[in-house]
Amino acid sequence: MTQLYTLSSEQLSSQSHYDFGMRAVKSVLMMAGRLKMQEPNTPENVLLIRALRDSNAPKFLSHDLPLFSRIIIDLFPGVTVPFVDYGELQAEIEGDLRRRGFQTVETFVNKVIQVHETMLVRHGMMLVGEAGSGKSTNLKTLGAALSSLHKKGVKDPDNFFRPVDQYALNPKSVSVDELYGRYNELTQEWKNGIVATLVRQTVESDGNGRRKWVVFDGPVDTLWIESMNTVLDDNKVLCLSSGERLNVSADVHMVFEVLDLDQASPATVSRCGMVYMEQVHVGLDALVDTWDETRRNRYKWRPKPKKPKAVRKKKKTTKKKKSRGGQNADAVEGEDIDDNKTAENKDDGQAEKKEDEGTEENNDADEGDEDDGDEDEEIEEEDDDDDDDDEDDKLEEQERENVAEEAKAEEEAEEEDENSRERRNFMDEGMDRIVGVLKRHLRPMLKFVRSKCRCTWPVSDYQFTSSILRLLDALLDKQPELLAEAALSASAAAALDNTIVWSIVWSVGATLSDENSRCVFSDFLINRLQEQGF
């Protein structure tokens, strides 16, 4: 092990985040011990070589990694070391990337797994790399994958598949006092800073079965990082100026996303696990493919849902019917009452007799009125039946009209869907043309710019590509029919080619610092496009 670190420090490139000291040796021994507990029957030399490889490979640059592998082979000849199978974790990482619209690039997925392996042996770690290398996406993807595996009930030997809470902050956006806390000079009261507040929250929520990642997304310098040394070492204690000491639990990880560690001291570097990320781990093709998929989804053809057929609704008609039996019963009851009154008062003389006669005449009149009422009701019923027949005829006629309108609407919808499908096919041909041009010419063009031209300021390949794609988005949004028309007419195809060239010229050529560089780049671009028959 010591010979490996000696040769690595001598032969590999000098980087600010490389560390081959005693803390690095300790992390290797911790990983080897964990592997021995999980695989007691595996030979120890194989476990040690795997620990050496897995704990050091994440921090090496791409051009140093092959040399480090050769050193291991020379020191341990004839030993074949297998890679750890992260089947379920890897599948979940790839699934989360697809759900978020990203490409499942193998090198990037391996970097996500390396972050997971580093967190198993270090509670403090740093993701080092330039903008566009995928540092933030790495953390978000790993956190989502671990939470999803816990939700599915998947267990791992390290008990690491648990929900993840991430607390992100930019340490350079505030002062050191606002970051850790300070005393009020007037009241002499202590006020907690952002870091103290977040650490206190993690302490109070300890034991809830969730992992907590405090993410420092910003440059590292000696003004604030030195106060984290007691948290990053084995003590895991945050010491505040107030004299308070906050113990950090085992579920808490301190994660730093930085461009470089030029301002960090060796003591800080040795306390953290390192994962170096480069834009080559994502690749320009993945960036173009993601833009292509996003662009195609904007005009994705979907058949229109068919309208449900109209249902004929029959109007319920009510007829006014009266019960004759009830009226006859009332009449009979009235007659019985009058007869009783007549039998009781028949000695009253002629006056009562006249009253009885008058009553009988009234009853006869009532019966006549009832007969007239029955005749009127029969007439009303006949009128209602005629109205119902007319209304049914109207409903049938309306239903026939609705069916005819629906048939016509379905024909129009099918014709429109067919036109949309055909338009989508033409737009796909236009997108294929753009993507093909970018993938053929982008990488050689950027390589030529790096070697033959001078830029006004440092620009990465990722930034060049993103600028080209953003300009293409703006131009295609302004001319939405250009993609479809390019497959139908030569003039539209020429206009699409001019759009691509214009985006490349103003994204790459505009950053060149002198006239000579611009002329050289112009000649190179014209010659290359003409050779490809563009």
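Parameters and conventions
- Residues numbered from 1 in each chain as written.
- Predicted model: local features only at pLDDT ≥ 70, side-chain atom pairs only at ≥ 80, totals over all residues.
- Heavy atoms only, no water.
- Helix = DSSP H or I, 4+ residues; strand = E, 2+ residues; numbered from the N terminus.
- Contact = heavy atoms within 4.5 Å.
- pLDDT = per-residue confidence, 0-100.
- Phe/Tyr/Trp six-rings, centres within 6.5 Å; stacked < 30°, edge-to-face > 60°.
- Buried < 20%, exposed > 50% of the residue type's maximum accessible area, 1.4 Å probe, protein only.
- Salt bridge = Lys/Arg side-chain N within 4 Å of Asp/Glu carboxyl O.
- Core = buried A, V, L, I, M, F, W, Y, C linked by side-chain atoms within 4.5 Å.
- Pairing = 2+ DSSP bridges.
- 1 Å grid on protein atoms, 1.4 Å probe; cavity = no way out; pocket = protein on both sides within 12 Å on 5 of 7 lines; lining within 4 Å.
- Points joined across faces, edges and corners; volume = space filled by probe spheres on them.
- Nonpolar A, V, L, I, M, F, W, Y, C, P; charged D, E, K, R; others polar.

## Topic: the overall build of the chain
Argument step 1. Of the regular secondary structure elements, the chain holds 19 helices and nine strands.
Argument step 2. Taking the intrachain contacts of the chain between residues at least 6 apart in sequence as the baseline, contacts between residues at least 24 apart amount to 76%.

## Looking at the side chain of Ser-517
Argument step 1. Examined against the element boundaries, Ser-517 turns out to sit in helix α19 (residues 515-531).
Argument step 2. Discounting chain neighbours no more than four positions away, the residues touching Ser-517 are Cys-453, Arg-454 and Leu-512.

## Digging into the confidence of the model for the chain
Argument step 1. Counting all residues, the mean pLDDT for the chain is 80, and 80% of those residues have values of 70 or more.
Argument step 2. At the low end of the mean pLDDT range in the chain sits helix α14 (residues 324-344), at 44; at the high end sits strand β8 (residues 252-258), at 94.

## Structural notes on the packing of aromatic side chains
Argument step 1. Counted by the stated rule, this structure contains 11 aromatic pairs.
Argument step 2. Where Tyr-18 meets Phe-20, the ring centres are 6.1 Å apart and the plane angle is 65°; that geometry is what we call edge-to-face.
Argument step 3. Ring centres of Phe-60 and Phe-68 lie 4.6 Å apart, and the angle between their planes is 50°; on these two criteria the pair is classed as tilted.
Argument step 4. By relative accessible area, Phe-68 is classed as buried at 1%.
Argument step 5. An aromatic cluster is present here, built from Tyr-5, Tyr-18, Phe-20, Phe-60 and Phe-68 joined pairwise through their rings.

## Describing unusual backbone geometry
Argument step 1. With a phi close to 55°, Asn-159 is a non-glycine residue in the positive phi region.
Argument step 2. With respect to the helices, strands and loops of the structure, Asn-159 is situated in the loop between α7 (135-151) and β2 (164-169).
Argument step 3. With a relative accessible area of 45%, Asn-159 lands in the partly exposed category.
Argument step 4. Although it is not a glycine, Gln-188 adopts a positive phi angle of roughly 60°.
Argument step 5. Following the sequence through the fold, Gln-188 ends up in the loop between β3 (181-183) and β4 (190-192).
Argument step 6. The class for Gln-188 is exposed, based on a relative accessible area of 54%.

## Notes on the environment of Leu-198
Argument step 1. Inspection of the secondary structure puts Leu-198 in helix α9 (residues 194-204).
Argument step 2. For Leu-198 and Tyr-167, which are 31 residues apart along the polypeptide, the C-alpha to C-alpha distance reads 7.5 Å.
Argument step 3. Residues in contact with Leu-198, not counting those within four places in the same chain, are Tyr-167, Leu-169 and Val-214.

## Points about the environment of Leu-149
Argument step 1. Tracing the sequence through the fold places Leu-149 in helix α7.
Argument step 2. Note on Leu-149: relative accessible area 2%, which makes it buried.
Argument step 3. Considered as a pair, Leu-149 and Pro-163 are 14 residues apart in the sequence and their alpha carbons are 8.6 Å apart.
Argument step 4. Each residue touching Leu-149, except ones within four places of it in the same chain, is listed here: Glu-88, Leu-89, Glu-92, Val-154 and Phe-161.

## A short note on the pattern of salt bridges
Argument step 1. Evaluated as defined, the whole model comprises 24 salt bridges.
Argument step 2. The shortest N-O distance in the salt bridge between Asp-96 and Arg-99 comes to 3.9 Å. Of this pair, Asp-96 and Arg-99 both sit in helix α5 (residues 87-99), separated by three residues, roughly a single helical turn.
Argument step 3. Given a relative accessible area of 7%, Asp-96 falls into the buried group.
Argument step 4. When its relative accessible area of 57% is taken as the criterion, Arg-99 is described as exposed.
Argument step 5. The partner of Asp-292 in a salt bridge is Arg-296, and the shortest N-O contact between them spans 2.7 Å. Placement of both Asp-292 and Arg-296 in helix α13 (residues 284-298) is noted, with a separation of four residues, approximately one turn of the helix.
Argument step 6. Residue Arg-296 is classed as buried on the basis of its relative accessible area of 14%.
Argument step 7. Linked by salt bridges that have partners in common, Glu-92, Asp-96, Arg-99, Arg-100 and Lys-152 make up one network.

## Describing the nonpolar core
Argument step 1. Ranked by size, the top nonpolar core spans 54 residues in total, and within it Val-195, Phe-216, Trp-224, Met-228, Met-254, Phe-256 and Leu-261 carry the most contacts.
Argument step 2. Excluding residues within four positions of it along the chain, Met-228 makes contact with Tyr-180, Val-195, Phe-216, Met-254 and Phe-256.
Argument step 3. Leu-438, Leu-446, Phe-448 and Leu-525 belong to the second largest nonpolar core, which has 37 residues in total.

## A short note on the pairing of β8
Strand residues, when the strand is regular, have side chains that alternate between the two faces of the sheet.
Argument step 1. Taking burial as the measure, the seven residues of β8 include seven buried ones, the bulk of the element.
Argument step 2. Alternating positions in β8 separate into two faces, Val-252, Met-254, Phe-256 and Val-258 on one and His-253, Val-255 and Glu-257 on the other, with burial throughout.
Argument step 3. Alignment of strand β1 (residues 124-128) against β8, held across five bridges, turns out to be parallel. Across the sheet, the residue bridging to Met-126 is Phe-256, located in β8.

## Looking at the layout of surface pockets
Argument step 1. By volume, the largest pocket is sized at about 800 Å³.
Argument step 2. If you go around the largest pocket, you meet 29 residues; those closest to its centre are Arg-53, Asp-54, Ala-57, Phe-83 and Gln-114.
Argument step 3. It is helix α6 (residues 106-121) that provides the largest number of residues to the lining of the largest pocket, a total of six residues.
Argument step 4. Tallied by class, the residues present in the lining of the largest pocket amount to 16 nonpolar, eight polar and five charged.

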